[in-house]
Every structure is written in C-alpha cells, then in structure tokens.
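# Inside the fold
Given next are the chains, with one letter for each unit.
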Amino acid sequence: MQVDEKTVRRIARLARIKITDEEAKSLEGELSGILNWVEQLDEIDTTSVEPMTRVVAQELKKREDRVTDGEIADAIVKNAPVVDDHYFVVPKVVE
Amino acid sequence: MSELTRLTLAEARDGLKAKTFSATELTKAHLETIEASNEALNAYVLVTPEHALAQAKEADARLAKGEARPLEGLPLGNKDLFCTDGIRTTACSKILDDFKPTYESTVGANLWSAGAVMLGKLNNDEFAMGSSNETSAFGPVVSPWRRNGKTDKLVPGGSSGGSSAAVAAGLCLAATATDTGGSIRQPAALTGTVGIKPTYGRCSRWGIVAFASSLDQAGPIAKTVRDAAIMLGAMAGHDPKDTTSVNAPVPDYEAALGKGIKGLRVGVPKEYRVEGMSKEIDDLWTKGIEWLKAAGATIHEISLPHTKYALPAYYIVAPAEASSNLARYDGVRYGLRVPGKDVIDTYENTRAAGFGKEVRRRILIGTYVLSAGYYDAYYLKAQKVRTLIKRDFDEAWSKVDVVLTPTTPSPAFAFGEKTGDPLAMYLEDIFTVTVNMAGLPGLSVPAGLSSEGTPLGLQLIGKPFDETTLFQTAQAIEDAAGRFTVGERWWAGDAKKAAAAPAKKKPGGK
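Residues and elements named next belong to chain B. Of the positions making up helix H1 (residues 9-17), those classed as buried are Leu 9, Ala 10, Ala 12, Arg 13, Gly 15 and Leu 16. Close packing links the buried residues of H1 with helix H2 (23-41), helix H3 (49-64), strand S2 (75-79), strand S4 (174-179), helix H7 (225-235) and helix H8 (253-256). Immediately beyond the C-terminal end of H1, within one or two residues, lies Lys 19, with a positive phi of roughly 60°.

We now examine the pairing of strand S5 (residues 194-197) of chain B. Residues and elements named next belong to chain B. Of the two faces of S5, the one lined by Val 194 and Ile 196 and the one lined by Gly 195 and Lys 197 are each fully buried. Direction of pairing for S5 relative to strand S6 (residues 217-222): antiparallel, over a ladder of two bridges. Directly across from Val 194, in S6, lies its bridge partner Ala 222. Inspection of the sheet shows S5 paired to strand S10 (residues 442-449) by three bridges, in the antiparallel sense.

To continue, consider the interface of chain B and chain A. The interface is formed by 68 residues belonging to chain B together with 45 residues belonging to chain A. Where chain B abuts chain A, roughly 5200 Å² becomes buried across the two surfaces, and 68% of that area is made up of carbon and sulfur atoms. By the criterion of area lost to chain A, the three top residues of chain B are Glu 348, Leu 364 and Tyr 368 of chain B, representing 13% of everything that side buries. Counting every contact that joins chain B to chain A gives six salt bridges. Glu 348 of chain B is paired through a salt bridge with Arg 13 of chain A; the nearest N and O atoms lie 2.7 Å apart. For the side of chain B that touches chain A, the element with the most residues is helix H13 (residues 376-396) of chain B, which contributes eleven residues. Its residues placed into classes, the side of chain B that touches chain A shows 33 nonpolar, 16 polar and 19 charged.

The subject of this paragraph is the side chain of Glu 104 of chain B. All names here are of chain B. Topologically, Glu 104 is positioned in the loop between S2 and helix H4 (106-113). Summary of buried charges: Glu 104 has no salt-bridge partner, and the nearest side chain of opposite charge, Lys 121, is 7.1 Å away. Here the side chain of Glu 104 touches Asp 85 through a polar contact of 2.9 Å, landing on its backbone nitrogen. Discounting chain neighbours no more than four positions away, the residues touching Glu 104 are Asn 78, Cys 83, Thr 84, Asp 85, Ala 109, Trp 112 and Trp 206.

Moving on, we get to the confidence of the model for chain B. For chain B, the mean per-residue pLDDT works out to 94, and 96% of the residues sit at or above 70. Taken together, the stretch residues 495-510 of chain B has pLDDT below 50 and engages in 33 contacts with residues farther than four places along the chain or on a different chain.

Turning our attention to H7 of chain B. All names here are of chain B. Most of H7 sits out of view: nine of its eleven residues are buried. The complete set of buried residues in H7 reads Val 225, Asp 227, Ala 228, Ala 229, Ile 230, Met 231, Leu 232, Ala 234 and Met 235. Phi for Gly 237, located one or two positions after H7, is positive at around 140°.

So, on to the packing of aromatic side chains. Residue and element names in this part refer to chain B. The final tally for this structure, using the stated rule, is 17 aromatic pairs over all chains. Put simply, the rings of Phe 99, Phe 127, Tyr 329, Tyr 334 and Phe 355 pair up and form one aromatic cluster. When the ring centre of Trp 490 is taken as origin, the NZ or CZ atom of Arg 146, which lies over that ring, is 3.7 Å away. Over the face of the ring belonging to Trp 206 we find Lys 241, whose NZ or CZ atom lies 3.8 Å from the ring centre.

This next bit is on the packing of helix H2 (residues 21-38) of chain A against helix H12 (residues 357-370) of chain B. Contact pair H2 of chain A / H12 of chain B: the axes reach a minimum separation of 11 Å and the direction vectors enclose 60°. Put simply, H2 of chain A runs oblique to H12 of chain B. Here the hand of the crossing between H2 of chain A and H12 of chain B comes out right-handed. Contact residues: Glu 23, Leu 27, Glu 30, Leu 31, Ile 34 and Leu 35 of chain A in H2 of chain A; Lys 357, Arg 360, Arg 361, Leu 364, Ile 365, Tyr 368 and Val 369 of chain B in H12 of chain B. Here the residues of the contact of H2 of chain A with H12 of chain B sort into eight nonpolar, no polar and five charged.

Rules of the game
Residues numbered from 1 in each chain as written. Chains lettered and ligands numbered in written order. Predicted model: local features only at pLDDT ≥ 70, side-chain atom pairs only at ≥ 80, totals over all residues. Heavy atoms only, no water. Buried < 20%, exposed > 50% of the residue type's maximum accessible area, 1.4 Å probe, protein only. Helix = DSSP H or I, 4+ residues; strand = E, 2+ residues; numbered from the N terminus. Contact = heavy atoms within 4.5 Å. Pairing = 2+ DSSP bridges. Buried area = accessible area lost by both parts, 1.4 Å probe. Salt bridge = Lys/Arg side-chain N within 4 Å of Asp/Glu carboxyl O. Nonpolar A, V, L, I, M, F, W, Y, C, P; charged D, E, K, R; others polar. Lys, Arg positive; Asp, Glu negative; His and termini not counted. Polar contact = N/O pair within 3.5 Å; in protein donor to acceptor, adjacent residues only side chain to side chain. pLDDT = per-residue confidence, 0-100. Phe/Tyr/Trp six-rings, centres within 6.5 Å; stacked < 30°, edge-to-face > 60°. Lys NZ or Arg CZ within 6 Å of the ring centre and 35° of its normal. Axes fitted to C-alpha atoms, helices over the stretch in contact; angles between N-to-C directions. Parallel < 35°, antiparallel > 145°, perpendicular 65-115°, else oblique. Left-handed = near helix turned anticlockwise from the far one by under 90°.

As structure tokens, then:
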C-alpha cells in the first residue's frame, strides 16, 4: 500500500494532529513502509476464522443499574487547562 | 552506597521482620541512592521522598505492633503510566503536562494497602510506545550495564526502562511495569532482572494510562524470581472497575516456588529459530534446555506456525487501539493546551505539540487502518490472525505445560542504534509479542551474559492463569544460571561527571 502525501494529510486531519510539509513528506515513506510490511498477513486465509474477542471465555460482567459515583465535579475539572465554575472552557464553537 | 539497596525484596522483608533495620532506614537508603544515581541514570522522573517517608513511618509502627502486611515497609518504584492520587502522572508525555490524578490505580492501591512504600515515578517510553526508553519526554534512561571495557550508554529496554534500570541499579527493591508487546520482558532481559507479564485479566488495568486495551497488562520487574512472585501476588486480583479483569483466585506464588519441575513438559517452538538470530542467543537457549532437563523436565519440539504473523498483526491492533485511546488528549479536560484560532485548530496544535514523534506515527497508522473502508482489511484481519496465534498455543498445550524461548533476538544496544528505522526497533518484540496477542502469561528470567558482558534473558510462556508454573520453571533456571548483577556502581556519587546524561525535571523539548 503506497500512501501519498494527500492521504497523509487526510489521516492527520482525522487524527487531529497538525503536521508540517516536511513531516508529511517523511510520513509518506514511513507509513508506506509499515503498511507494506503488515501486508504479509494477506498470505493467510482467514475466511472461516472468527476474530479474537477475549483470551478466556468469560461472560460479560454486568452490574446493578444504580448510581455508584458522582458529586465530584471539583475533581473532574481539577486538571483542566481553562475552567469557569464547573465548565470546561473551549474556543467558541457556535457563532 | 548503602548495602541495604543490594538486598532482594524477600531479604529486605525478612530483615524488617527480624528488626535488623527499620522501614525508615531502608527507605532512606534507597532515597539516598536515588539522589546519588538519578542524574546519571534518569530512571525516576519524579522522586517522592516525603510521601515515601510517611509510608515508611506507618510501616514501622505496624512492624513494631506485629501487624505487618505482606509488603510492609518495602520501597518500590512505580512506572509513570500508573495514576497516583495527587502525584504527577505523565506517561512520560508532554501532553499530560502537570496532570495530577484524583485517584490511584487499582494495582498501585493493592501494593500500598499491602504496606509497600512508593519512592517515586519511573521513566518509560512515551505512552509505553518504544523498546529502548528513548521516546520519553523526560529523555532516555541509561542502563546501569555497560559493555566490557566500554563506556557507551546502553538502553535499558522499553517501554519499562525506568523500572528495569532502577531495579538493576538498586534504586528500588522492585517496580511496577506494564507490557503491551514486550515492555516488561524485554527490559528485564536487557538488565538482568526478572519480569512477568501475567495473563490478560490477571491484574486490573483501572487507573493505568491506556495504550492498547486488548493487550495491556501490568506486572512487576524484580531482582529475583521469588521477588517477582511476591510482587505479582500483591498486584493481582479481581477488580469490578475493569470489566476485563478476571474473577479468579490468586494463588500463593511464593509458596509454590519450592515445588520443583520434575516431569514438567517443556515445549521448544521451532519457529523461534529466526533468521539472523545471534549465535549467543541460540547457545543460551540450548543452555536453558539443558538446565531444565537436568532439573527433571522433558523437552518437546513444538510448532507455532503463525508466529511470524504476530508482529505485523500487532502493528495493526496496537496502533488502532492507541489511536482510539489517545483521542482523549484534546487539551480540554486535562494536560497541555496550545491555543488555536478555533476549537479544531486548538486540538490540532495541542496534539502536534504534545505527542512525540513515535506516538504521532502510531496514532496516524491506527487512524489509517481504522478509517472508512479499511477496517475489515486491517483491524478485523489482524484480530482473526490473533485467533490463529492463540489456536497454535491451544494445540501446544495438549503436549506441553510451558514453552521456552529467548526473550530478545539480541543483547542490549546503544543509544541511537535503532532509532533511525521504526521497523528495526519493532523487531525487538519479535519473541514477546505473540504472548500479548494470545493473552498468555510470559516471564523473562536472566540466563547469561553476552560476549560483550551484558545480560541476556530466556522467556517462559504459560497456559492462561498458570503463572505458578512460570515461576517454578524460572526458579529452576535461576538456580542453575545464578543471578546477574552489575559489578561496579560506576554511576553513583559521580553525578557531576555524568551531567551530560539527559536528566530533566519536567518534560521539555529536545
């Protein structure tokens, strides 16, 4: 799989990571290299194989449907870069 | 240099019980050693002396009253991937900045409630992504080991390089670590320490900074097999807060150590004899086989035909899960924020500035393989390959009880030797990554020295939840091979000369 610069930019946008022109160029080669290398998996026929979901068969755990946590707004906003009252502050989203 | 820092965890525990020294003395000895050594080794990214001495004081009170808990007064290091209540936790990334969790990881809480003392937070590759500790925002860790007659700085392995270096250098009695593709076993092998990645689900992942959730497991790095057994016993256990944590009793691993391995069936997989494997690794493997035979085990050649596909499948699964897990670092709720012209620009600036190069590379790979139209071809395919890898082992377990392989394809390397080519670095995990893909327990035990005088390890792979057999088998290897400790503490008390070593107080740019 050859990844071109346009694809690198699209992926970086999806990942919300700003990249420079120089980085886009070098990532083109690096990502292509890694994706070419993983293509060896195509040698294996997996048509009748189920994807692995867990190591040991275990029923999904359920818990009682009741509130066990909360009233900790101070703790939740404690590490935020910008806070107003108990709100996270971000640049204006809606005009 | 205090002799107390040369003790094993078990010896220190016995010394405390016998009142040969106090928990405060033991803790102070370690803090002094850290003070004298850390500038050169950079194993700790944060030392917490007040916190440690307060815990030691409580331990001394309990010891005096005869109310000692299993790890009472024993000073440990804690990998900076484990959240610590009120104490900075960064995953060694700039993006977490000065993050101070308001909660403690379950594994950490288990250790402290067993009486252990936390000396500080240990360096690691950023978000545990790396095999040399060179991707840490705090700069690399220097291995206490050197090649014969040389002074080149060697890597302590990664991602738990702070843990392995600190244990090998006597900067803690034992340490927490995590392993997603080999991050406990490879650093243990490169530093002459013992490391175990337990079965997926054995330790709670709650409160550990997530990398790849279907692969991540916590485990210890320790000086001896016995110490690793003591540590895992305290760390493991069911946790309702982690839905993948398994509700199964934790055996007394230490008590099982003396049982021996007579009649044990040991598998040797032919697929691990990879092209380009160094002769000394091959010889070490043969020696391991001989030791286990001499201890009463029988050796059987087995086949794990999908071994070669584990690493490429891992480099789909791990980046995919990482790209999803690391989406949370957006500069809004915690950590670094780099303002932009609007909210998306803020996200993009923050993540460009906050993540290091390897982390960005893996997020992009992960985003690509999960992007529209590619999910089946990559992630789903890789998860199917995992089933085949696991099936190989399931078949092997009908013939053998444990599998013996080398831990790494080569001995410790020097700084910068493998950073140029991501694929060369990824190959460090070639023998360890299958274990994560299949969710099995794996242990690395020191088994010899390379021709350069640096440590080499052997890996034992076990059946799900059969860590006990791994400890028993590793004990037989340790009994035969002996322990490997760094002779001269060249780094200690020589901190000024070592000022060239990168030791930063805060995550800074290069």
